[in-house]
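Structure assessment
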Amino acid sequence: MDSEFEQDLRDALRREATRPGLALDAGDLRSMLRAEEQRRRARRRWELLGGAAVAAVAVVAVALWPRIQWAPSGGGPIETRCVESSSTTHGTWWVEIGGPGAYFNVKPGTLYATDNPWKIIVRFDPDAADGQTVAMSAEALPSGDRVDGSLNSRMNPASIYHFSSPAPDLPGGWYLFEQRIPATGCWRLSASIDGRVVGTAILSVVYGASSPETSRSPGPPTPQIASPAPTVTKNP
């Protein structure tokens, strides 16, 4: 008989002894002892179950901690989301993304992954000075894989039209680049003058060229295969 049970028995006998008209026989005593034993076993069983539950929660928490630690706030996918640059529309149709010193004529959601180069007009504002070179590239995020674009030619905005609507009158120098984006994912477009980046933009490229979903994109430009053109230097 352990000390806890012995104390419970003493307390029960003391309670019965102080009652008016003591009527405790052997049968009653056995019933009391049996009830106390059942209560004591039930209490220990719940204590054991509670300890096991706490241990199980701890094991699950340790297993899920890396996912919880890296999961974005508010739930959702564990991987980092691609937050695209916001676009600005000038006039009725000219759309640009990027800044602060270079802007790309790209409407978010219109480009898809392809081995053929996209023709993208980049507006440098302020323009490159005489003798300086302009360049463009695309970098996959977060891998850092870089694809250099090629400069096709300098553009005269007065000769750029969408049907009968001319391009808006915006400042800076306008240049046509041919830029490959060979894979889906998050891409950063960069424009530089003499190797110094002056403007960037983030794009999410969701579909590849062979995907049937590509046709749902809102009016993507048609990429064309062109001979690579070297980066040129403005002549005085």
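Sequence order as written defines the numbering, with residues in each chain counted from 1. Residues qualify for local features only when their pLDDT is at least 70, as the model is predicted, and side-chain atom pairs are given and counted only at 80 or more; totals for whole chains, interfaces and linings, by contrast, use all residues. Note that the side-chain values use all heavy atoms of the structure and ignore hydrogens as well as water.

Turning our eyes to something else, we now look at the state of the cysteines. Disulfide: a pair of cysteine sulfur atoms within 2.5 Å of each other. Applying the stated criterion to the full structure yields one disulfide. Residue pairing for C82: its cysteine sulfur links by disulfide to C186, the two sulfurs lying 2.0 Å apart. Disulfide C82-C186: torsion about the S-S bond near 70°, hence right-handed. Taken together, the residues span a long stretch of sequence, with C82 in the loop between α2 (26–70) and β1 (87–90) and C186 in strand β11 (residues 185–193) at a distance of 104 residues. Per-residue accessibility, obtained with a 1.4 Å probe over protein chains only, is compared with the maximum for each type, and a residue is labelled buried under 20%, exposed over 50%, and partly exposed between these values. Residue classification places C82 among the partly exposed positions, given a relative accessible area of 22%. Helix and strand labels come from DSSP, where a helix needs a run of H or I of at least four residues and a strand needs a run of E of at least two; each type is numbered from the N terminus.

Attention now moves to the sheet that holds β1. Two modes of strand pairing occur in sheets, parallel and antiparallel, and in both the strands are linked by backbone hydrogen bonds. For two strands to be treated as a pair, DSSP must find no fewer than two bridges joining them. Strand order across the open sheet formed by six strands is β1-β2-β3-β4-β10-β7, with antiparallel pairing between neighbours. Strands at the two margins of the open sheet, each flanked by one partner only, are β1 and β7 (150–155). For this sheet the average axis-to-axis angle between neighbouring strands, irrespective of direction, equals 35°. As judged from the three bridges shared by strand β3 (residues 102–104) and strand β4 (residues 114–124), these two strands associate in the antiparallel manner. Note on β4: the bridge partner recorded for A102 is F124. To get an axis, fit a line to the C-alpha atoms, keeping to the stretch in contact for a helix; angles then go from 0 to 180 degrees between the N-to-C directions.

What follows is about the nonpolar core. What makes a nonpolar core is a set of buried Ala, Val, Leu, Ile, Met, Phe, Trp, Tyr and Cys residues whose side-chain atoms join them at distances within 4.5 Å. Residues F104, I120, V122, F124, V134 and F177 are the most contacted members of the largest nonpolar core, which totals 29 residues. Of all the secondary structure elements, the ones that give two or more residues to this core are β3, β4, β5 (134–141), β10 (173–181), β11 and β12 (196–205). When neighbours within four sequence positions are excluded, V122 is seen to be in contact with A102, Y103, F104, M136, G173, W174, Y175, F177 and A191. Within the second largest apolar cluster, seven residues are counted, among which are W94, A167, L170 and L176. Residue contacts are defined here by distance: any two heavy atoms, one from each residue, within 4.5 Å place the two residues in contact.

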